[in-house]
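Structural characterization, general
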Amino acid sequence: MTATATEQWREVGDRVFARRHRAFDLNVGLVLGQGACLVVDTHGSEAQGRELAAAVRRVTADPWVVVDTHAHFDHCFGNAVFRPAKVWGHRRCAENMLAYAEAQRRLMAAAYRKHGRPAAADDLEATRIDPPEELVDDVVPLTVGGRPVQLRYLGRGHTDNDLVVAVADAAVLFAGDLVEQGAPPAFEDAFPLDWPATLDAMLELAEGPVVPGHGDVVDRDYVLAQRADIGRAADAGRSAYAEGRPVEAVLAEVPFPAPVARSALERAFRQLRGDPPYDPPEKLLRRAGIG
Ligand SMILES: [Zn+2]
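Read on for a plain summary of the structure. (Residues numbered from 1 in each chain as written. Predicted model: local features only at pLDDT ≥ 70, side-chain atom pairs only at ≥ 80, totals over all residues. Heavy atoms only, no water.)

This paragraph deals with the sheet that holds strand β10 (residues 163-167). Judged by pairing direction, the sheet is mixed, and its five strands sit side by side in the order β8-β9-β10-β11-β12 without closing on themselves. The outermost strands of the open sheet, each flanked by one partner alone, are β8 (139-144) and β12 (210-214). Each strand of the sheet is rotated relative to its neighbour by a mean of 25°, with strand direction disregarded. Relative to strand β11 (residues 172-180), β10 runs antiparallel, the two being bridged by three bridges. Within β11, the residue paired with Val 167 across the bridge is Val 172. (Pairing = 2+ DSSP bridges. Helix = DSSP H or I, 4+ residues; strand = E, 2+ residues; numbered from the N terminus. Axes fitted to C-alpha atoms, helices over the stretch in contact; angles between N-to-C directions.)

Okay, structure coming up:
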């Protein structure tokens with residue numbers, strides 16, 4: 001696919017756009033109001049953020065506000081480019097960025113270098129970490145140029161800081177990585193036992209197009225099916241844990257490829273053991289062989 005084929009804004013509802021990027025197959029959103037706009041996620045570095053900001057400017061000259069759907073670098077490392085605008089995020093998104101963004105940066109820069117992409121590594125290393133300062137706990141109703149837009153936290157799922165963005169007058173929902181298309185959901189930082197209920201809450205808001213964090217725009221039925229798959233992972237984790245069986249014994253009960261199923265089950269076990277949800281950043285770096 002060429003850049004022009006994939007990186008056009010696509011109007012998914014009345015003056016609501018999604019832009020799918022080759023890098024990480026990431027979706028970014030744009031909501032246009034009268035004299036203001038909202039940018040949903042800022043992509044994975046300052047260079048990617050600048051490219052995105054220029055793409056927004058080809059659509060509108062209006063001032064923007066920004067929302068980060070969660071603290072994973074591919075969604076929020078472009079933030080600094082959009083300043084001095086307000087950046088919204090869940091309270092734990094800001095906390096997580098302060099604690100983990102540097103480790104994310106080092107891990108990803110090392111991965112870029114390993115895969116022969118030194119320029120991407122340089123870009124990431126030059127990126128300023130700029131967490132949201134406008135914080136959401138539960139729900140924040142915004143008005144974007146006269147249009148009501150709700151920022152909602154619906155519970156733990158892909159992370160403990162996922163926001164969804166509901167544009168009611170266009171019936172469009174930005175789901176962040178609570179929903180993923182084109183690849184299985186990512187469980188590395190997930191709460192598999194909570195994720196199905198979080199998607200149940202999302203389903204109550206999903207009337208029209210649902211823009212996942214990655215991949216093609218989907219609908220309510222797609223979310224329902226993904227909810228069922230994640231629910232099966234959670235059930236397999238619960239029963240294996242209760243019966244004292246290892247993760248490997250129930251891999252086949254989880255409808256995802258084995259590495260993803262293993263990750264889902266290990267995260268479910270971690271929840272059931274009551275362990276801290278995230279390892280300290282030093283441990284993540286050590287495990288990756290980065291001192
Ligand atoms: Zn993510």
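And the narrative resumes.
Right, let's talk about the sheet that holds strand β2 (residues 16-20) for a bit. The mixed open sheet is built from seven strands, whose spatial order is β1-β2-β3-β4-β5-β6-β7. Of all strands in the sheet, those with a lone pairing partner are β1 (9-13) and β7 (134-136), marking the two edges. The mean angle between the axes of side-by-side strands here comes to 25°, regardless of whether they run parallel or antiparallel. The pairing of β2 with strand β3 (residues 27-32) spans five bridges and is antiparallel. Each bridged residue has a counterpart across the sheet, and for Arg 19 the counterpart in β3 is Val 28. Those strands touched by helix α4 (residues 91-114) are β6 (87-90) and β7, and its axis lies near 95° from that of β6. (Contact = heavy atoms within 4.5 Å.)

A word on the pattern of salt bridges. Per the counting criterion, the structure on display carries 25 salt bridges. Residue Asp 194 pairs with Arg 156 through a salt bridge whose shortest N-O separation is 2.6 Å. Here Arg 156 lies in the loop between β9 (147-153) and β10 and Asp 194 lies in the loop between β11 and α6 (195-205), a separation of 38 residues in the sequence. Relative accessible area serves as the criterion here: at 23%, Asp 194 is assigned to the partly exposed category. Between Asp 275 and Arg 273 there is a salt bridge whose closest N-O contact spans 2.8 Å. Salt bridges sharing partners connect three or more residues here, namely Arg 10, Arg 20, Asp 25 and Asp 216. (Salt bridge = Lys/Arg side-chain N within 4 Å of Asp/Glu carboxyl O. Buried < 20%, exposed > 50% of the residue type's maximum accessible area, 1.4 Å probe, protein only.)

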